[in-house]
Amino acid sequence: MPTREFVPTGFHAVPTAAASAAAGASPPPVLALESREGSRFELHVLDHHIVRVVHRPPSLPTAATDTLIPQLTTHAVVGAAGVAAPELEYPTAAVSGLPRDSISARFPCPPPAAVRSDGPGFVVETAELAIGVRIDPDDGTLALDWAPRADPGRPFLQDLPHRAYPLQRGGSLGARHLVRRSDTDLHYGLAERASPATLLLNGRRFRLEALDAMGYDAARTDPLYKHLPFHVTLDAETRRAHAVYYDSACVGAADFGCEIDAFWGKYRSFSFESGSGLDMYVIYGPSMARCVEGFASVVGRPALPPKYALGYLASSMGYAESEQAQQFIAELPALCRTHDIPCDLLHLSSGYT
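Let me sum up the structure you'll find in this document.

Here is what the cut-offs are and how they apply
Residues numbered from 1 in each chain as written. Predicted model: local features only at pLDDT ≥ 70, side-chain atom pairs only at ≥ 80, totals over all residues. Heavy atoms only, no water. Helix = DSSP H or I, 4+ residues; strand = E, 2+ residues; numbered from the N terminus. Buried < 20%, exposed > 50% of the residue type's maximum accessible area, 1.4 Å probe, protein only. Contact = heavy atoms within 4.5 Å. Phe/Tyr/Trp six-rings, centres within 6.5 Å; stacked < 30°, edge-to-face > 60°. Lys NZ or Arg CZ within 6 Å of the ring centre and 35° of its normal. 1 Å grid on protein atoms, 1.4 Å probe; cavity = no way out; pocket = protein on both sides within 12 Å on 5 of 7 lines; lining within 4 Å. Points joined across faces, edges and corners; volume = space filled by probe spheres on them. Nonpolar A, V, L, I, M, F, W, Y, C, P; charged D, E, K, R; others polar. Pairing = 2+ DSSP bridges. Core = buried A, V, L, I, M, F, W, Y, C linked by side-chain atoms within 4.5 Å.

1. What about the overall build of the chain?
If you tally the helices and strands in the chain, you get four helices and 23 strands. For the chain, buried positions account for 42% of its 353 residues. Contacts in the chain between residues at least 24 apart in sequence constitute 58% of all its contacts with a sequence separation of at least 6.

2. Examining the packing of aromatic side chains
Here the structure, examined in full by the defined rule, presents 10 aromatic pairs. Between Phe11 and Phe41, the ring centres sit 6.3 Å apart and the planes meet at 75 degrees, which makes this aromatic pair edge-to-face. Within this pair, whereas Phe11 is found in the loop between β1 (5-6) and β2 (12-13), its partner Phe41 is found in strand β4 (residues 40-47), the two being separated by 30 residues in sequence. Judged by relative accessible area, which is 8%, Phe11 ranks as buried. For Phe41, a relative accessible area of 2% translates into the label buried. Site record: aromatic cluster; members linked through ring pairs are Phe230, Tyr245, Tyr281 and Phe295. The lysine or arginine in question, Arg163, covers the ring of Tyr267, its NZ or CZ lying 5.4 Å from the ring centre.

3. Things to note about empty space enclosed by the protein
If you walk through the whole model with that rule in mind, you get two cavities of 30 Å³ or more. Residue lining of the largest cavity: Leu157, His177, Val179, His231, Val244, Tyr246, Asp255, Phe256, Arg268, Ser269 and Phe270, and that is the complete set. For the lining of the largest cavity, the secondary-structure elements that each account for two or more residues are β14 (175-180), β18 (241-246) and β20 (267-272). Per-element tally for the lining of the largest cavity: the top contributor is β20, with three residues. Considering only residue class, the lining of the largest cavity consists of six nonpolar, three polar and two charged. For the second largest cavity, the calculated volume is near 40 Å³. Lining the second largest cavity, in full, are Val7, Pro8, Phe11, Thr141, Leu142, Ala164 and Tyr165. Here the residues of the lining of the second largest cavity are counted per class, giving six nonpolar, one polar and no charged.

4. Here we look at the pairing of β20
The element β20 is extensively covered by neighbouring structure, given that six of its six residues are classed as buried. Along β20, one buried face is formed by Tyr267, Ser269 and Ser271 and the opposite face, lined by Arg268, Phe270 and Phe272, is buried too. Sheet analysis places strand β19 (residues 252-255) next to β20, joined by four bridges and oriented antiparallel. Opposite Gly252, over in β20, you have Phe272 as the bridge partner.

5. A look at the sheet that holds strand β17 (residues 230-235)
Spatial strand order, β2-β3-β4-β5-β21-β18-β17-β15: eight strands in an open sheet with antiparallel pairing. The sheet terminates laterally at β2 and β15 (185-189), the two strands that pair on one side only. For β17 and β18, the ladder comprises five bridges, and the chain directions are antiparallel. Following the sheet pairing, Thr233 is matched in β18 by His242.

6. Digging into the nonpolar core
Core analysis: the biggest nonpolar cluster contains 39 residues, and Leu33, Phe41, Leu43, Ile131, Val133, Leu144 and Trp146 have the highest contact counts within it. Judged by nonpolar contacts, the second largest core, of 18 residues, contains Ile103, Leu234, Ala243 and Tyr281.

Rendered as structure tokens:
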């Protein structure tokens, strides 16, 4: 049976595009590499603790050939507050998305403290991070090591050597990212997930897709309603946390140690069946709160809702399905007062049609 994916080899450094002088133009990546097969790998320092990693398949169209294809845009990234950037044009931006090549213009993008050669690879340093870009001397495969700059000998995230960045064959533009798995790592996130009384994702595999899972089993059903490929990892030993966000709305899977392959040791992975290759954001804490704050700076913060919306909001499909629906709805406020439930709002959700 033909192999469904391939791991690009022969990575080597290529010149980064010069920064445009135009207002709002994105700075170039701090490091750009290309593989023998033609895939392109870029590192963008968005802030001292936030780095964007892009791995584009060789068959991905460029803005010069087609500016309207979905693979070249994102609907998820907003950018850091207080950074001057071109205003989003609605409704055009809401429908077409934000060009991925313009993302860096929406972040501080401080110059890296250092970018230097290290054997066949490189080291990229920010004020907080030391990123080892390892190119294998034999096959030229790529693997990254991420560590605090103050403690470079204790990486918090390490790619799986020789297999870190596979791409799908057959023109689907799908991709995977595989990293080493540590027994001390605790994983949280992925939005709404069924779970047997724990928030931990360790040892499990999840489908990245959003479905109308009415009547689901709260302990086992997967997937549920939300698609959010974002997770926070806390090292129980060092108490350092980091987060990774994969900017993709494509169907995929997140594996936190469910899959085992004896040839490769302990690993975990994210995979996407289609899309535009890999576009991910690595956010260093070291606190979990700062990881979440960093994620919010990437995707944007929610608007403050009115005060009444912060309280208990009541709704039930059972009301709509009953022959006495109007009676039940009218009686609810009195029932809440009788049972001392501070209900602020009754909203007509799913089923009220």
